[in-house]
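# Residue-level structural notes
Residues per chain are reported as follows:
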Amino acid sequence: MSHHQPSAVQQQGSCPALAQSFWLQWVEKAFPNLDSQAYFIPPVYVNRVPMARWSTAGRDVLVLQPAPGQAGQTMQASSPSPSASQVSLPQDARISDSDVRDDAAMQRVFCCLQKMAEQKGEVLVGLSQLQFGQYLSESCYAAAAAQLPLPASLPPSLPRKWKRGDFDVLLIHQTYGFVVCEVKAFGDNVAKLNMTNKDIENNIRKKLTQAVSQLDKSEVMLSHLVSDITSGLRITKTIAVPNLTVSQVQQAIAGDVRLAQDLCRCLGATDSADIGGLCLCSDQLSDPKTPWDVNSDVLRELGVWWQRRVACNGPDSQMAAVYKTLVARFCGPATTVTVPCTSAPRLCIKTLSQAVSYTGMCYTAFISLFPEQVHLLNAALPRVFVAGPPGTGKTVMLLLMGTEWLRCGRHVLVVSTWSGSRVACTMLHLMLLQTITSQQATGGTPGKVTLLKCDLETRSRRDESAKVVEKALNDVEAAMEGPLYVIADEASESHEFLSLCDKLLKRHPRLHLWAANFSFNDVPVGWQEELLTRPLRSPPVVVREVEKDKQLAVFRRVQPYSERGVPDHTDGPPVTRLYHGVKSNHSLSARIIDCWTCGDMVASFLHNLHVGAQETPTTSTTAISSSGSTTPVCLEWRDVLVVYQDATNFAAVKAMTEAGVPARIMADDDVEDVASAASNVVWVAKVKEVRGIERKIVVWTAYGEDDDRLCSMSRCTSQLVIIQESS
């Protein structure tokens, strides 16, 4: 995010021609393939997520829960009860059932149009939920914008309310002009509401009537906003009803002649029997349970709809000359495109780089938990084994429990039980040290925290195993001051660890010990096992890849993920797939991490995302714009992690370094640096070395079918990059 003052061109913004020239340069840099591909703004669809703020362990956490009246997941009996510790969110953060349903409908339309445009090679820019008032709204361009048609300058003969509104979906197509789509979510909860057929049809008519009115308003507004550029530009209007079939739409309008006439006029139909086919209905869209799965059947139906509604009239002869000018107006720096946000300032997201940064923020910037997790923390059981697939909040639970112990003045011992837990436990130790500093700054007298490294992953004889356990037992007791309060993240699943727990409890009956891992073969007597399966850390697009791991999908050694019961912030940026062996200069006999060309591909991808750039073409002109919005922080090199299984010469890393990417291979001495992300570098690490940490961008260098998706891909909080052997 830039903190620079506007450039000279922007300061001279009283001249529309100069401003337009700068806007055009901006979009050409932000969208380098503007002449050949489709861009969507924002690049990912962002949902409104119902949550409430609670205080636990002296810290505010966001508790995810179904919106009031939402069907499906409900608050369990074990959920925390309302109390004085609950802090109300701002009013605009109160998400209703209708908000959730509207977002679900919009997301399906967004996913389908995005996939169709990609598959068909359409050249367009699509915007979602653009408010009229956000058009050319940035104050540094106010003088220039004042000389152009604006929403506020709509002719006074038109209703005043027409100056306010939004475009649910607005496509600016290089060939076909504008396509504006009004989305209506009605139809998904009629069974829950026990609506009669008559009520359903009346509601469909009501929604279609509203859609016609809103589309007419949008058409007038678009014609007005571009009137200084050209007149008579084609504006194609359509209605999306993702939860209704074509037959339901046709049946509803059959009983209303006036509505049928209005729809024919609005949608350009000559016969009312064609209206349903001109709308985007559930027949042409993906399954609501899997909106991202836009399969070949859906694409075929979308293609038929696109030809019938948009492409049937052929090219608009004006578009070739004005396409980039329109994009510069609607998508350039003078227009703000924000996403839902629970508190000011709202975020402006236009590019993939910003979307990647924002997605990572959604999943890691704040502590988020489900109600059952808050209940477990409030219960404060002395001994708990927390199990479940990665990214379900296990480490967060240990952090908050350790924080509570520190608040009570206890000495907390963070125990790393094997090499694979070094980074995770080091990170926990550092975060608890920060907790102590914060508590001291507010006048508290917290306890202390110590990190102890053990190695309980022995494959030796039984007598040597006993010695390992005894040494660890002595080390734990020697490190403690007073009662035992122990945390063990990514705990070893070995017999030795379970034996250590058993011996500690026998010697110290008041032992407090919380441990976490994917699964535990056995739980010692005196411990409660808690299973967490609802994903918290990664967007669904990443979780779907992790779920393919054989430990989850085949062997079931790790409990599979369960439904969240609450919307995700976003499905996440699409997985990027790069292929080893597509070009002749790949080192086909080498592992991917040893291939120079693969390193070049990674470097190119990161540079295209503007990773590490101090200031990018996509950066807002000011830190916080006049509209009260801001852009996500720029991606840094420390946001990137490259994982591998084994290596010989690390040619890919050398190639990345030569291409300007500060890549470093993780060594034993780098554990604390990696855990804290202190150095602004791209760390390259073995899978087992990075359990417990998280990065916005993870590059997975596959090597055979048995590569560990579970431990590697699950580190990703936003953009997953998979490099795999070409078929």
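So, here is what we can say about the structure in this document. All of these numbers come straight from a predicted model, not from anything done at the bench.

Quick look at the overall build of the chain now. A tally of regular secondary structure across the chain gives 22 helices and 24 strands. Radius of gyration (C-alpha) of the chain: 28 Å, near the 27 Å computed for a compact globule of 727 residues. Principal-axis analysis of the C-alpha atoms gives the chain an extent of 90 × 60 × 55 Å. For the chain, buried positions account for 57% of its 727 residues. Restricting the contact set of the chain to residue pairs at least 6 apart, pairs at least 24 apart contribute 78%.

On to the sheet that holds strand β13 (residues 411–416). Spatially, the six strands line up as an open sheet ordered β14-β13-β15-β16-β12-β17, and their pairing is parallel. Across the chains shown, the open sheet's two edge strands, defined by having one partner strand only, are β14 (448–453) and β17 (528–531). Strand-to-strand twist across the sheet, computed as the mean angle between neighbouring axes with direction ignored, equals 20 degrees. In terms of strand pairing, strand β12 (residues 383–387) meets β17 through four bridges, oriented parallel. Residue pairing across strands places Val 384 opposite Gln 528, the latter belonging to β17.

Our focus in this paragraph is the sheet that holds strand β22 (residues 682–686). Taken together, six strands build an open sheet; the order of strands is β18-β24-β23-β20-β22-β21 and the sheet is parallel. What marks the edges here is a single partner per strand, and that holds for β18 (576–580) and β21 (663–665). Averaged over neighbouring strand pairs, the angle between their axes works out to 25 degrees when direction is ignored. As paired elements, strand β23 (residues 695–701) and strand β24 (residues 716–725) share six bridges and run parallel to each other.

Residues Ile 172, Phe 178 and Phe 330 are the most contacted members of the largest nonpolar core, which totals 70 residues. Once you skip the residues sitting within four places of it in the chain, Phe 178 turns out to touch Leu 170, Leu 171, Ile 172, Leu 222, Val 226, Leu 233, Arg 234, Ile 235, Thr 236, Leu 326 and Phe 330. One finds Ala 57, Phe 370, Leu 377 and Leu 536 within the second-largest nonpolar core, a separate group that totals 38 residues.

Attention shifts here to the packing of helix α13 (residues 394–407) against helix α14 (residues 422–441). Two elements in contact, α13 and α14, have axes whose closest approach is 10 Å; the angle formed by their N-to-C orientations is 35 degrees. The crossing of α13 and α14 is right-handed. For the pair α13 and α14, the contacting residues are Thr 395, Leu 398, Leu 399, Gly 402, Thr 403, Leu 406 and Arg 407 in the first and Met 427, Leu 428, Met 431, Leu 432, Thr 435, Ile 436 and Gln 439 in the second. Of the residues that constitute the contact of α13 with α14, the class distribution is eight nonpolar, five polar and one charged.

Closest axis-to-axis distance for the helix α5 (residues 197–225)/helix α6 (residues 246–254) pair is 9 Å, and the angle between their directions is 90 degrees. Compared by their axis directions, α5 and α6 come out roughly perpendicular. Taking contact as the criterion, the partners of Glu 201, Ile 204, Arg 205 and Leu 208 in α5 are, on α6, Gln 248, Val 249, Gln 251, Ala 252 and Ile 253. Here the contact of α5 with α6 is built from residues that sort into five nonpolar, two polar and two charged.

Glancing now at unusual backbone geometry. In the segment running from Ile 41 into Pro 42, the intervening peptide bond is cis, with an omega of -10 degrees. Residue placement: Pro 42 occurs in the loop between β1 (39–41) and β2 (51–56). In this structure, Ala 57 takes a positive phi of about 55 degrees despite not being glycine. With respect to the helices and strands, Ala 57 occurs in the loop between β2 and β3 (59–64). Even without a glycine there, the phi angle at His 610 is positive, about 60 degrees. With respect to the helices, strands and loops of the structure, His 610 is situated in the loop between α19 (596–608) and β19 (629–630).

Turning next to the side chain of Ser 492. Among the secondary structure elements, Ser 492 is positioned in the loop between β15 (485–488) and α16 (495–507). Here Ser 494 takes part through its side chain, which lies 2.7 Å from a polar atom of the side chain of Ser 492. What Ser 492 contacts, discounting residues up to four positions off in sequence, is Thr 417, Trp 418, Leu 456, Glu 457, Phe 497 and Asn 517.

As a further point, take the packing of aromatic side chains. Applying the stated criterion across every chain yields a total of 15 aromatic pairs. Residues Trp 23 and Tyr 141 carry aromatic rings whose centres are separated by 5.6 Å and whose planes lie at 80 degrees to one another, so their mutual orientation is edge-to-face. Taken together, the residues Trp 23 in helix α2 (residues 16–30) and Tyr 141 in the loop between β4 (124–131) and α4 (142–145) connect sequence positions 118 residues apart. Each member of the pair, Trp 23 as well as Tyr 141, carries the same accessibility label: buried. Between Trp 305 and Trp 306, the aromatic rings sit 6.1 Å apart at their centres with planes inclined by 55 degrees, giving tilted as the arrangement. Both residues of the pair, Trp 305 and Trp 306, count as buried. Members of the aromatic cluster, each reached through a chain of ring pairs, are Phe 22, Trp 23 and Tyr 141. Just above the ring of Trp 292 sits the side chain of Arg 544; from NZ or CZ to the centre is 3.8 Å. Over the aromatic face of Phe 518 sits the side chain of Arg 691, whose NZ or CZ is 4.6 Å from the ring centroid.

Turning our eyes to something else, we now look at the environment of Phe 22. Mapped onto the elements of the fold, Phe 22 is located in helix α2. Considered as a pair, Phe 22 and Pro 333 are 311 residues apart in the sequence and their alpha carbons are 9.0 Å apart.

Attention now goes to helix α11 (residues 352–364). The terminal C-alpha atoms of α11 lie 18 Å apart, and with 13 residues this matches the ideal 18 Å at 1.5 Å per residue to within 8%. Where burial is concerned, most of α11 is hidden: ten out of the 13 residues are buried. Listing the buried residues of α11 in full gives Ser 353, Gln 354, Ala 355, Val 356, Ser 357, Tyr 358, Thr 359, Gly 360, Cys 362 and Tyr 363. Looking at the buried side of α11, the elements it contacts are β9 (338–339), β10 (346–348), α17 (540–546), β23 and β24.

In this section: the pattern of salt bridges. Under the definition given, this model contains 32 salt bridges. One salt bridge in this structure joins Glu 122 and Lys 120, with 3.8 Å as the shortest N-O distance. Put simply, Asp 216 and Arg 265 hold a salt bridge, and the shortest N to O gap is 2.9 Å. Pair noted here: Asp 216 is in helix α5 and Arg 265 is in helix α7 (residues 257–267), with a separation of 49 residues, a long-range link. Residue classification places Arg 265 among the partly exposed positions, given a relative accessible area of 47%. Taken together, the salt bridges that share partners define one network made up of Asp 97, Arg 101, Asp 188 and Lys 192.

What counts as what
Residues numbered from 1 in each chain as written. Predicted model: local features only at pLDDT ≥ 70, side-chain atom pairs only at ≥ 80, totals over all residues. Heavy atoms only, no water. Helix = DSSP H or I, 4+ residues; strand = E, 2+ residues; numbered from the N terminus. Rg over C-alpha atoms; globule rule 2.2 N^0.38 Å. Buried < 20%, exposed > 50% of the residue type's maximum accessible area, 1.4 Å probe, protein only. Contact = heavy atoms within 4.5 Å. Pairing = 2+ DSSP bridges. Axes fitted to C-alpha atoms, helices over the stretch in contact; angles between N-to-C directions. Core = buried A, V, L, I, M, F, W, Y, C linked by side-chain atoms within 4.5 Å. Left-handed = near helix turned anticlockwise from the far one by under 90°. Nonpolar A, V, L, I, M, F, W, Y, C, P; charged D, E, K, R; others polar. Parallel < 35°, antiparallel > 145°, perpendicular 65-115°, else oblique. Polar contact = N/O pair within 3.5 Å; in protein donor to acceptor, adjacent residues only side chain to side chain. Phe/Tyr/Trp six-rings, centres within 6.5 Å; stacked < 30°, edge-to-face > 60°. Lys NZ or Arg CZ within 6 Å of the ring centre and 35° of its normal. Expected span 1.5 Å × (residues − 1). Salt bridge = Lys/Arg side-chain N within 4 Å of Asp/Glu carboxyl O.

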